[in-house]
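For reference, the chains in residue letters:
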Amino acid sequence: MNKIKGWKLGLIMTVLMILLPAGTGTAAAVLEEVPFPMDSSNQAGWWSPVATYGLGYEYAYMAYNAPGTEAGKHTVAIARRDNDGIWSKLPLMNGTVPAQYTDDLGHNQPSMARDGSGRFHVFASMHSNPWHYYRSDTVGGIPQNHSDELPQGMTVTYPVLTTAPNGDLYLLVRVDKDTAGKREAVLFRWNNADSVWSQVKVIAAHLNRSVYPDDLVFDANGDLHILFEWAYFAASPLRHQLSYLKYRPSTGEFTKADGTPVQTPVSLTTADIVQPLAPGEVYVQSGSDPGGPGVQSAKMTLNSAGRPVIAYRYREEGSADFSVKQATYGTGGWNLQTVYNAAPTTAAIDVTWAGNAARIYYVKSSGNDRAFMAVNTSGSWTETSLAPGIPVERLAVDRSPKGIDILYLVDVINLKLYYGRND
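Computed from a predicted structure; not experimentally measured.

Participant: Residues and numbers for the overall build of the protein, please.
Facilitator: If you tally the helices and strands in the protein, you get 1 helix and 35 strands. By the compact-globule yardstick of 22 Å for 423 residues, the protein fits well, its C-alpha radius of gyration being 20 Å. Dimensions of the protein along its principal axes, counting C-alpha atoms only, are 55 × 50 × 45 Å. Looking at the protein as a whole, 58% of its 423 residues qualify as buried. Long-range pairs, those at least 24 residues apart, make up 54% of the contacts in the protein between residues at least 6 apart in sequence. Of the roughly 15900 Å² of accessible surface on the protein, 49% is carried by carbon and sulfur atoms. Taken as two groups, the 34 positive and 39 negative side-chain charges of the protein have centres that lie 2 Å from each other.

Pasting the structure below:
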């Protein structure tokens, strides 16, 4: 493994101290440049590329696309930062050969998680492909190809995964059923005790529609909260009817946010719709964004009561730009509010819960400052710049066990990946 000592990082990293305004409930945010080359293909809006671990100690793991051996190709690796600030690069390997795939923006990016035994799991570079799955065979080891351990005979896209409180993993992907006129959302489980994957269920499907996975989040009770979007079959960059589902592994029951049981797979007539269709919003099959209202990118966290808090981008009817929105669930159903709509944003968003407030992270399409965090204080949203002067285009955030937001910030223009801490 390639290791770089923490005391040397000052020679090769950019460290930024950003003082946040009063009322955000945070200390200073710190950014470090990850000391490994990044490929230009390392950009997506749906992925889950960062994971954290440790209470006494603290580790961060950042899966990313690294440069390939030729133009239009990339390798995949994990950048690991340990408690002492030492970085290690763990490449995904096919035996003794680094795994390498074709660039495909918005599809061929990695998602990862760490299981309860300390093994890394990475899903990478799949756009209607068979499995590309890598796992470390030893705790913290180099991930090797274990694609043959997943159910075979399917082609998959958009892997998002998370770790359960008991150390199991849950994975949500879109599976092609093109001959049936649909692309389904399928949930899988890694049984950490037995070291085996199995399919839980097809959780969402509708004729002439494709499902787009967004996020998976566990609560303290061990229940899984699931978020996804719908598009016209077979694919579209503009999606609709953002949907929520809750799964209780202990009983196998699926419910809406209000506790109403539902049969899976849910369809557009049975799903818990977070963002309903606007009066003029319609499903349109297109290889490019056709304009009009719709959803693009969404992430989720849980508040102190274990209820979902969703951040997403939605283009309102009559607008040319996507607004940053928040959805929360209460006694009256889903409550939707606008967080930011003053300028165009990119398909990058995330959300965490800190103390008694949501932190919503988003990226503006232009300007010297592009990565921002918004917090609702005294009834209005106040934004804070996270990376002044850095042209961030994509991001992801994971709240660590120590209650710190670990930032994953992508600068595609300068081919740099940044690690950040937002206390």
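Next comes the rest of the description.
Participant: Mind laying out unusual backbone geometry, listing which residues take part and the relevant values?
Facilitator: Residues Phe233 and Ala234 are joined by a peptide bond in cis, for which omega reads 10 degrees. Residue Pro265 is bonded to the preceding Thr264 through a cis peptide linkage, with omega at 5 degrees. When you line up the elements, Pro265 lands in the loop between strand E23 (253-255) and strand E24 (272-273). Despite not being glycine, Ser195 has its phi angle at roughly 55 degrees, a positive value. For Ser195, the location among the structural elements is in the loop between strand E18 (182-191) and strand E19 (196-204). The class for Ser195 is partly exposed, based on a relative accessible area of 31%. The phi dihedral of Gln241 is positive, around 45 degrees, even though this residue is not glycine. Relative to the elements of secondary structure, Gln241 occurs in strand E22 (residues 240-248). The class for Gln241 is buried, based on a relative accessible area of 11%.

Participant: I'd like a rundown of the environment of Tyr408, residues and numbers included.
Facilitator: Turning to its location among the elements, Tyr408 is positioned in strand E34 (residues 405-411). Taking the C-alpha atoms as reference, Tyr408 lies 20 Å from Pro213; in sequence the two are 195 residues apart. When sequence neighbours within four positions are dropped, the list of residues in contact with Tyr408 reads Asn42, Trp47, Pro49, Val50, Met62, Ala63, Tyr64, Arg394, Leu395, Ala396, Leu417 and Tyr418. Here Ala63 takes part through its backbone oxygen, which lies 2.7 Å from a polar atom of the side chain of Tyr408.

Participant: Just give me the short version of the sheet that holds strand E29 (residues 345-354), but keep the residues and values in it.
Facilitator: One open sheet accounts for 4 strands, arranged E29-E30-E31-E32; its pairing is antiparallel. Two strands bound the open sheet, and with one partner strand each, they are E29 and strand E32 (380-385). In this sheet, neighbouring strand axes are inclined to one another by 25 degrees on average, regardless of whether the strands run parallel or antiparallel. Taken together, the 7 bridges between E29 and strand E30 (residues 357-364) define a ladder with antiparallel strand orientation. The partner of Asp350 across the bridge, within E30, is Tyr361.

Participant: Can you explain the sheet that holds strand E28 (residues 333-340)? Please cite residues and give values.
Facilitator: Read from one edge of the open sheet, 4 strands run E25-E26-E27-E28, paired in antiparallel fashion. Strands at the two margins of the open sheet, each flanked by one partner only, are strand E25 (294-302) and E28. When the angles between neighbouring strand axes are averaged without regard to direction, this sheet yields 25 degrees.

Participant: Explain the side chain of Ser147 to me, using residue names and the numbers behind them.
Facilitator: Looking at the secondary structure, you find Ser147 in the loop between strand E15 (143-145) and strand E16 (156-163). Ser147 gets classed as buried once you look at its relative accessible area, which sits at 11%. Polar side-chain contacts of Ser147 include one of 3.0 Å to the backbone nitrogen of Tyr133. At 2.7 Å, the side chain of Ser147 forms a polar contact with the side chain of Asn145. Those residues in contact with Ser147, other than ones at most four positions away along the chain, are Trp131, His132, Tyr133 and Gln152.

Participant: Any details on the pattern of salt bridges? Residues and values, ideally.
Facilitator: If you walk through the whole model with that rule in mind, you get 18 salt bridges. For Arg81, the salt bridge goes to Glu32, with nearest N and O atoms at 2.8 Å. Of this pair, Arg81 sits in strand E6 (residues 73-81) while Glu32 is found in strand E3 (residues 29-33), placing the two residues 49 residues apart along the sequence. In terms of burial, Arg81 and Glu32 fall into one category: buried. Across the pair Lys364 and Glu383 runs a salt bridge whose closest N-O atoms are separated by 2.8 Å. Taken together, the residues Lys364 in strand E30 and Glu383 in strand E32 connect sequence positions 19 residues apart. Since its relative accessible area comes to 12%, Lys364 is described here as buried. Connected via shared salt-bridge partners are Asp176, Asp178 and Arg183.

Participant: I'd like a description of the nonpolar core, backed by residues and values.
Facilitator: Within the largest apolar cluster, 48 residues are counted, with the highest numbers of intra-cluster contacts made by Met62, Tyr64, Ile203, Ile226 and Tyr408. At 5 residues, strand E21 (residues 224-232) tops the list of elements feeding residues into this core. Among the nonpolar cores identified, the runner-up in size contains 19 residues, and Leu171, Val173, Val175 and Trp190 belong to it.

Participant: Tell me what's going on with the environment of Gly68, and back it up with residues and numbers.
Facilitator: Structurally, Gly68 is set in the loop between strand E5 (59-67) and E6. You can call Gly68 partly exposed: its relative accessible area is 27%. C-alpha separation for the pair Gly68 and Gln100, spaced 32 residues apart in sequence, amounts to 6.5 Å. If sequence neighbours within four positions are ignored, Gly68 has contacts with Asp39, Lys73, His74, Thr75 and Gln100.

Each value, and the rule that gives it
Residues numbered from 1 in each chain as written. Predicted model: local features only at pLDDT ≥ 70, side-chain atom pairs only at ≥ 80, totals over all residues. Heavy atoms only, no water. Helix = DSSP H or I, 4+ residues; strand = E, 2+ residues; numbered from the N terminus. Rg over C-alpha atoms; globule rule 2.2 N^0.38 Å. Buried < 20%, exposed > 50% of the residue type's maximum accessible area, 1.4 Å probe, protein only. Contact = heavy atoms within 4.5 Å. Areas by Shrake-Rupley, 256 points an atom, 1.4 Å probe, with all protein chains shown as cover. Lys, Arg positive; Asp, Glu negative; His and termini not counted. Charge placed at Lys NZ, Arg CZ, Asp CG, Glu CD. Polar contact = N/O pair within 3.5 Å; in protein donor to acceptor, adjacent residues only side chain to side chain. Pairing = 2+ DSSP bridges. Axes fitted to C-alpha atoms, helices over the stretch in contact; angles between N-to-C directions. Salt bridge = Lys/Arg side-chain N within 4 Å of Asp/Glu carboxyl O. Core = buried A, V, L, I, M, F, W, Y, C linked by side-chain atoms within 4.5 Å.

Scope: geometric values only; no functional claims are made or implied.
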